[in-house]
Amino acid sequence: MATTSSFTTGKISAETIGGNGVSLGEKEVKKLKIKRFEPVEEPQIHYLNAEKGLWSWLSTVDHKRIGLMYLAAIAVFFLIGGTLAVLLRTELLTPAKTFMDADTYNQIFTLHGAIMIFFFLVPSVPAVLGNFILPIQLGAKDVAFPRLNLASFYIYLIGAIFAFVSITTGGIDTGWTFYTPYSSSTGGNVMMMTLGVFILGFSSILTGVNFIVTIHKLRAPGLTWNKLPLNLWGLYATSIIQILATPVLAITLLLLTMERALGIGIFDPALGGDPVLFQHFFWFYSHPAVYIMIVPGFGIISEVISTFSRKTIFGYWAIALSSLAIAFIGFLVWGHHMFTAGQSSLATMVFSFLTFLVGIPTGIKIFNWLATMYKGSIQLSTPMLYALIFLFQFTIGGFTGVMLGALSVDIHLHDTYYVVAHFHYVMMGGMVMAFLAGLHYWWPKMFGTMYSEFWAKVSATLVFVGFNVTFFPQFIMGAQGMPRRYYNYIDQFQPFHVTSTIGSYIMAVGFTIMAIYLLHALIKGRKASANPWGSRALEWQIPSPAPAHNFDHTPVVLNGPYDYHRPMSEFQMGVADKKH
Amino acid sequence: MNRFQDFYLPPAKSTVAADTDALFNFVHITSLIFLIGIVAAIFYFVYKYKRRSEHDVTPVITHNNALEITWSVIPFILVMIVFGWGFRGYLNLRTAPTDAYEVRAIGKKWLWEFRYANGFVSVGELHVPEDRPIKLIMNSTDVIHSFYVPDYRIKRDVLPGRYSSVWFEATEPGESTVFCTEYCGTAHSNMMAKVVVHTKEDFETWMATAALADAGLPPVELGQQLVQRNACQTCHSIDGSALQGPTFKGIFGRQQKMEDGTVVTVDENYIRQSILQPQSQIVEGYLPVMPPYQGTLNDDQISAIIEYLKTID
Ligand SMILES: [Cu+2]
């Protein structure tokens, strides 16, 4: 403790950096020789080729490789979920049957939701980008429990297998929300799917535990809490939610399974249960889960905007603490999903109030990011483009959230396409854009190559246009009263549905282009330099791709990750003696 | 303004709609102002502070208390206005006037049934007078449904094993659509009904005739009316085509194979049983989705339906 805290005093002065002994702090003096290590360009040996063969991947405990395996897995799920979405949109081209029957439609929208939420969004940022970047940003060699990390990947796969079994043995048509008593009485293989999601939860919990311990214990010398990259604050807040909320989902799904399998009445009124209790349990997890999905996105956006504005982040503590505030208040707003379900007016009022309260820290972040760009040196590279798209779309998602928090208006809008549009603006327009910003930002570090900037921008534009063409009309038809989860609809809504479907095709083209240029970059992209964006953050002070153990020398952190007013040389410090 | 509003909101046909719409517009316009500001700032910054060279030096601006307090407090005040306004509207939506006219509403897969004080039952149509508060006492016989009338800006979940209620006061005669907005399975999106608003006098006449209308009809005609009124045709055709349920064409005397393998001949008792407790015997190749009409149809009505079914071939 003494050694780390001695760094927090910031007593390392510029003159002592040159390689002499440095005395730190007044109380305890520990001599550390530090010197400058410039990253090697185009390393021959790195984490991707340090070990070879399929087995070296499947049995790896390297957080970076685990991150990539997650990336492959969620890419597959995104492809499946996205294809299902296009099928749904195509069916909705006409008010009656277009090409699939009602039961198929119901199964497909259920799968689309369940896959996108549980198998794509929840693990996307923490498990893929978090796994890859968190230890590097901390200056650590790996997460605190590398084997647990690998275990959580396999638990995720097992959960996925259960889901596939469910799909192939009857499927489910409950909606991703599994509302009782419908879910305890309908046909299909609901049990397998709930078990799958149940198992998946453990993967999420273990990742959360791992991240919290790692952030607490494995920070590099000098990396005090006030120099922690905002991405890590985001992941930290997310991990807390993952640990506290996911068990509730697990219990709920277990109770549901017990009801279906053993006929124990918990939620089904026919058995003496209470269906609204299920909704409480479910949203007690699923609302915080919204923040599991979005808070890590905030972290990425902070990194990207600061890097591409070459400027100190505005309101570091406001951004960091508002993530934590959102994480905590986020636990107390679940009832806003149930304003029409029958809660007391008092509960309704409290939930509405807290919902508005949680909106404030979110709004503050948006202003902070804008202020970061002010007087910056802005470069509109692909990650920045995605960050700006995020700002625009997430703001719309946030404002429409305010609309839905307003009680009397929510009574009208609840369970209409307005809600569908709102959460797509938050989840897809916000979170997925943040994920893409992060993926394009750290891509060089992950694979050591660059993607085509031109095609990346073409694709980003198509995704942006497609997204808004798809979901904006849904606000209008929702406000007009088009209910969600409708296979048939009344003729008056057709123009909106057709526009929306066209938008989804544009988006599909955008994502296809993205898949192509990323695969191309993977195979024969041009080599990336160690720090292509000129960032000050720690992960950019090592070679691209990263070495097998991240740092060839223990890094020493003198400045914050956004201290663009300090010379680059001050950011490449490491312990001089070779023991590591 | 009104022309514009017609584009994104349904017509306002209840006493509470105006307040909800006003709040809706308030939030929209305020949001729009903020959004325009944010987008303008993005464009301006991207253009004005475009990177000139790799050696650009940027100022160190870590925070600005005055600015930060402003942009926390102003949104806070705004959302508190929205909160208070919304809550007041909500309380109004929740508290039905004491003199409200009560109608029972029952949601079942996949139809809405309404029962009036005089014992009359209508399926798929709710008849109400204008300018009079109506309170629906609702429950479901199977899963959760939700009663939604966009024109009135009202919605309330309809639960099995529990009563819930919703009230409204229609301001003009005419028709409005009722949707089910809680996903309830295969024909969820067909679970619609309409509210028919009569003038006060018309409503009285309707009430008086509706209850008596059936009395004088010959059984076959009555049966035909009941089949229509109870929405049997959403699942049963009379032209031989199979919808969600078997066709009524030639149903009487038909040999019907059941899921459990037995073969029955369709007679009066079988039809009666099929209508009252459809789940007790399921026809092979069909799903157990027919709602039970126990309590909805009385013996005379069922007999009339049977007589009508005999005539379809
Ligand atoms: Cu329903």
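Please read all numbers here as calculations on a predicted model, not as lab measurements. (Residues numbered from 1 in each chain as written. Chains lettered and ligands numbered in written order. Predicted model: local features only at pLDDT ≥ 70, side-chain atom pairs only at ≥ 80, totals over all residues. Heavy atoms only, no water.)

> Tell me about the interface of chain B and chain A, residues and numbers included.
How big an interface is tends to be stated in terms of the accessible area lost upon association of its parts. Across the contact, 76 residues belong to chain B and 90 residues belong to chain A. It is Arg51(B), Trp71(B) and Tyr183(B) in chain B that bury the most area against chain A; as a group they hold 11% of the surface buried on that side. Between chain B and chain A we count two salt bridges in total. A salt bridge links Glu54(B) to Arg310(A); its shortest N-O distance comes to 3.0 Å. Counting residues per element, the ones that place at least two in the side of chain B that touches chain A are helix 1 (2–8), helix 2 (17–48), helix 3 (65–94), strand 7 (154–158) and strand 9 (174–180) of chain B. At 16 residues, helix 3 of chain B tops the list of elements feeding residues into the side of chain B that touches chain A. Taken together, the residues that form the side of chain B that touches chain A break down as 44 nonpolar, 17 polar and 15 charged. (Contact = heavy atoms within 4.5 Å. Buried area = accessible area lost by both parts, 1.4 Å probe. Salt bridge = Lys/Arg side-chain N within 4 Å of Asp/Glu carboxyl O. Helix = DSSP H or I, 4+ residues; strand = E, 2+ residues; numbered from the N terminus. Nonpolar A, V, L, I, M, F, W, Y, C, P; charged D, E, K, R; others polar.)

> Hey, could you go over a nonpolar patch on the surface for me, with residue numbers and the actual values?
Residue and element names in this part refer to chain B. A contiguous nonpolar patch, built from Ile 69, Val 73, Phe 76, Ile 77 and Ile 81 and spanning about 420 Å² of accessible area, is present on the exposed surface. By the secondary structure assignment, Ile 77 is in helix 3. Ile 77 gets classed as partly exposed once you look at its relative accessible area, which sits at 46%. (Patch = residues over 30% accessible without salt bridge, like charges linked within 9 Å, V, L, I, M, F, W, Y side chains within 5 Å. Areas by Shrake-Rupley, 256 points an atom, 1.4 Å probe, with all protein chains shown as cover. Buried < 20%, exposed > 50% of the residue type's maximum accessible area, 1.4 Å probe, protein only.)

> Please provide a residue-by-residue account of unusual backbone geometry, values included.
Residue and element names in this part refer to chain A. Note the cis peptide between Thr 180 and Pro 181, where omega equals -5°. Relative to the elements of secondary structure, Pro 181 occurs in the loop between helix 5 (146–168) and helix 6 (182–185). The step from Ser 544 to Pro 545 runs through a cis peptide bond, and the omega angle for that step is -10°. Considering the arrangement of structural elements, one finds Pro 545 in the loop between strand 4 (526–527) and strand 5 (573–575). Phi at Asp 415 is positive, roughly 60°, even though this residue is not glycine. Judged by its relative accessible area of 7%, Asp 415 falls in the buried class.

> Before we move on, can you summarise the packing of aromatic side chains with the specific residues and values?
Enumeration over the complete set of coordinates arrives at 73 aromatic pairs over all chains. An angle of 70° between the planes, with centres 5.1 Å apart, marks the rings of Phe78(A) and Phe511(A) as edge-to-face. A residue pair is termed long-range when its members are at least 10 positions apart, and Phe78(A) in helix 3 (residues 63–91) and Phe511(A) in helix 16 (residues 494–524) qualify at 433 residues. The class of Phe511(A) is buried, set by a relative accessible area of 15%. Relative to Phe179(B), the ring of Tyr486(A) has its centre 6.0 Å away and its plane inclined at 70°; by these criteria the two rings are edge-to-face. (Phe/Tyr/Trp six-rings, centres within 6.5 Å; stacked < 30°, edge-to-face > 60°.)

> Go over the packing of helix 11 (residues 345–373) of chain A against helix 3 of chain B with me, naming the residues and quoting the values.
The contact between helix 11 of chain A and helix 3 of chain B brings their axes to 9 Å, and the two run at 155°. Regarding the angle of helix 11 of chain A to helix 3 of chain B, the classification is roughly antiparallel. The handedness of the crossing between helix 11 of chain A and helix 3 of chain B is right-handed. For the contact of helix 11 of chain A with helix 3 of chain B, the residue count by class is 18 nonpolar, five polar and two charged. (Axes fitted to C-alpha atoms, helices over the stretch in contact; angles between N-to-C directions. Parallel < 35°, antiparallel > 145°, perpendicular 65-115°, else oblique. Left-handed = near helix turned anticlockwise from the far one by under 90°.)

> Tell me about the side chain of Thr355(A), and please be specific about residues and values.
Residues and elements named next belong to chain A. Topologically, Thr 355 is positioned in helix 11. What makes Thr 355 buried here is its relative accessible area of 12%. With sequence-adjacent residues up to four places away left out, Thr 355 is seen in contact with Val 333, His 336 and Gly 405.

> Help me get a handle on the state of the cysteines, residues and values and all.
All names here are of chain B. In total, this model carries zero disulfides over all chains according to the counting rule given. Here Cys 232 stays free of any disulfide, with the sulfur of Cys 235 as its closest cysteine sulfur at 8.6 Å. Residue class for Cys 232 comes out buried when judged on its relative accessible area of 14%. (Disulfide = S-S within 2.5 Å.)

> Explain the layout of surface pockets to me, and be specific about the residues and the numbers.
Remark: the empty space left among the atoms is shown by a probe the size of a water molecule rolled over them. Residue and element names in this part refer to chain B. Within this model, the second largest pocket holds a volume of roughly 900 Å³. Surrounding the second largest pocket, 48 residues form its lining, Cys 232, Cys 235, His 236, Met 290 and Pro 291 being those nearest its centre. Those elements that provide at least two residues to the lining of the second largest pocket are strand 2 (111–115), helix 5 (219–229), helix 6 (268–276) and helix 7 (299–311). Ranked by residues supplied to the lining of the second largest pocket, first place goes to helix 6 with four residues. Residue classes in the lining of the second largest pocket are distributed as 31 nonpolar, 13 polar and four charged. (1 Å grid on protein atoms, 1.4 Å probe; cavity = no way out; pocket = protein on both sides within 12 Å on 5 of 7 lines; lining within 4 Å. Points joined across faces, edges and corners; volume = space filled by probe spheres on them.)

> Please give an account of the nonpolar core that cites residues and values.
Grouped together as the largest cluster of nonpolar side chains are 255 residues, with contacts concentrated most on Phe118(A), Phe178(A), Phe390(A), Leu126(B), Leu136(B) and Phe147(B). Counting residues per element, this core draws most heavily on helix 4 (residues 102–138) of chain A, which supplies 23 residues. Residues from two domains meet in this core; each of domain 1 (2–52 + 61–94) and domain 2 (101–212) of chain B gives at least three. Discounting chain neighbours no more than four positions away, the residues touching Leu126(B) are Val103(B), Phe114(B), Tyr116(B), Leu136(B), Phe147(B), Phe168(B), Lys194(B), Val195(B) and Val196(B). In terms of nonpolar packing, the next biggest core, distinct from the first, is built from 25 residues, Val227(B), Ile271(B), Val283(B) and Ala304(B) among them. (Core = buried A, V, L, I, M, F, W, Y, C linked by side-chain atoms within 4.5 Å. Domains from an automatic or database assignment.)

> Describe the packing of helix 14 (residues 417–447) of chain A against helix 15 (residues 453–479) of chain A, with residues and values.
All names here are of chain A. Axis separation between helix 14 and helix 15 bottoms out at 7 Å; the angle between their running directions is 155°. When the interaxial angle is binned, helix 14 and helix 15 end up roughly antiparallel. Our pair here, helix 14 against helix 15, has a crossing hand that is left-handed. The segment helix 14 lies against helix 15, with Tyr 417, Tyr 418, Val 420, Ala 421, His 422, His 424, Tyr 425, Met 428, Gly 429 and Met 433 engaging Val 463, Phe 467, Asn 468, Phe 471, Phe 472, Gln 474, Phe 475, Met 477, Gly 478 and Ala 479. When grouped by side-chain class, the residues that make up the contact of helix 14 with helix 15 number 14 nonpolar, six polar and no charged.

> Tell me about the pairing of strand 2 of chain B, and name the residues and values.
All names here are of chain B. Strand 2 sits mainly inside the fold: four of its five residues count as buried. In this sheet, strand 2 lies alongside strand 1 (residues 101–108) in antiparallel orientation, the contact comprising five bridges. Residue pairing in the sheet places Lys 108 in a bridge with Leu 111 of strand 2. Between the end of strand 1 and the start of strand 2, which pair antiparallel, lie two residues. Relative to strand 3 (residues 121–123), strand 2 is paired through three bridges, and the arrangement is antiparallel. Bridge pairing in strand 3 places Glu 113 opposite Val 123. (Pairing = 2+ DSSP bridges.)

> I'd like a rundown of the confidence of the model for chain A, residues and numbers included.
Any residue range with low pLDDT should be treated as having predicted coordinates unsuitable for detailed reading. Residue and element names in this part refer to chain A. The predicted model of chain A has a mean per-residue pLDDT of 88, with 94% of residues at 70 or higher. Per-element mean pLDDT across chain A ranges from 35 in helix 1 (residues 2–8) up to 96 in helix 15. Predicted confidence for residues 1–28 stays below pLDDT 50, and this span has 39 contacts to residues more than four positions away or in other chains. (pLDDT = per-residue confidence, 0-100.)

> Let's hear about the domain arrangement of chain B: which residues, and what values?
Here chain B is described as being made up of domain 1 (2–52 + 61–94), domain 2 (101–212) and domain 3 (219–310). Of note, the centres of domain 1 of chain B and domain 3 of chain B, computed from C-alpha atoms alone, are 54 Å apart.

> So what about the side chain of Glu182(B)? Which residues, and what values?
Turning to its location among the elements, Glu182(B) is positioned in the loop between strand 9 and strand 10 (193–198). Of the side chains with opposite charge, Arg485(A) comes closest to the buried, unpaired Glu182(B), at an N-O distance of 4.8 Å. Look past the residues within four positions of Glu182(B) in its chain and what remains in contact with it is Tyr179(A), Asp415(A), Ile144(B), His145(B), Ser146(B), Asp157(B) and His188(B). (Lys, Arg positive; Asp, Glu negative; His and termini not counted.)

> Please give an account of the sheet that holds strand 3 of chain B that cites residues and values.
Residues and elements named next belong to chain B. Pairing is mixed across the open sheet formed by five strands, whose spatial order is 3-2-1-5-8. Two strands bound the open sheet, and with one partner strand each, they are strand 3 and strand 8 (164–168). Averaged over all adjacent pairs, the angle separating strand axes in this sheet is 25°, with direction ignored. The pairing of strand 1 with strand 5 (residues 134–140) spans seven bridges and is classified as parallel. When the sheet's bridge partners are listed, Ala 105 is paired in strand 5 with Met 138.

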